[in-house]
Amino acid sequence: MANLTITLDDADKKGISEFCDYIGMSVSGLYNVFTKTVLREGRIPFEIGIEKPNRKTIKAMKEGDKLIEKYKKDPKSVKTYTASEAIKEMQSW
């Protein structure tokens, strides 16, 4: 048997320990299951990626960028809202 030392954030260590306790498994056992699955399947057994915004979101982000630039040039050229005004406006949609 070999030992493996990993470094975790304190909150993550506490969280993973609590999870393992709840399901009746040790943290070491959890990592052994992970390792065996990686070796058996030849892949990480879960998807790793980043969420990409869809076209509609990208369009909205670009529109937001244009508004910010317009506001920087002339703050009075862009309508602004208080939080409550913005909520009321969105509720009318």
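Use the structure listed above.
Small disclaimer: the values here were computed from a predicted structure and weren't measured.

**Q** When you look at the overall build of the chain in this model, what are you seeing that I'm missing?
**A** For the chain, the count of helices and strands is 4 helices and 0 strands. In the chain, the succession of helices and strands from N to C terminus is α-α-α-α. Taking 93 residues into account, the globule formula puts the C-alpha radius of gyration at 12 Å, and the chain, at 24 Å, lies well above it. For the C-alpha atoms alone, the extent of the chain along its principal axes is close to 70 × 30 × 25 Å. When the 93 residues of the chain are sorted by exposure, 3% land in the buried category. Carbon together with sulfur atoms contributes 57% to the accessible area of the chain, which is approximately 9,200 Å² in total.

**Q** When you look at the layout of surface pockets in this model, what are you seeing that I'm missing?
**A** To find leftover empty space, a probe the size of one water molecule is rolled over the atoms. Considered as a void within the structure, the largest pocket measures approximately 330 Å³ in volume. Lining of the largest pocket is provided by Met1, Ala2, Asn3, Leu4, Ile6, Ser28, Tyr31, Asn32, Phe34 and Thr35. Classifying every residue of the lining of the largest pocket gives 6 nonpolar, 4 polar and no charged.

**Q** Before we go on, may I ask you to explain the environment of Ile16 in this structure?
**A** Relative to the helices and strands, Ile16 resides in helix 1 (residues 10-23). On a C-alpha basis, the gap between Ile16 and Phe34 in space is 14 Å, while along the polypeptide they are 18 residues apart. Residue contacts for Ile16: discarding those within four places in its chain leaves Leu8, Val27 and Leu30.

**Q** I'm lost on the packing of aromatic side chains in this one. Help?
**A** Each aromatic ring pair is described using two quantities: the centre-to-centre distance and the angle formed by the ring planes. Taken as a whole, this structure holds 1 aromatic pair when the rule is applied. The cationic tip of Lys79 hangs over the ring face of Tyr81; the distance from NZ or CZ to the ring centre is 4.7 Å.

Conventions and cut-offs
Residues numbered from 1 in each chain as written. Predicted model: local features only at pLDDT ≥ 70, side-chain atom pairs only at ≥ 80, totals over all residues. Heavy atoms only, no water. Helix = DSSP H or I, 4+ residues; strand = E, 2+ residues; numbered from the N terminus. Rg over C-alpha atoms; globule rule 2.2 N^0.38 Å. Buried < 20%, exposed > 50% of the residue type's maximum accessible area, 1.4 Å probe, protein only. Areas by Shrake-Rupley, 256 points an atom, 1.4 Å probe, with all protein chains shown as cover. 1 Å grid on protein atoms, 1.4 Å probe; cavity = no way out; pocket = protein on both sides within 12 Å on 5 of 7 lines; lining within 4 Å. Points joined across faces, edges and corners; volume = space filled by probe spheres on them. Nonpolar A, V, L, I, M, F, W, Y, C, P; charged D, E, K, R; others polar. Contact = heavy atoms within 4.5 Å. Phe/Tyr/Trp six-rings, centres within 6.5 Å; stacked < 30°, edge-to-face > 60°. Lys NZ or Arg CZ within 6 Å of the ring centre and 35° of its normal.

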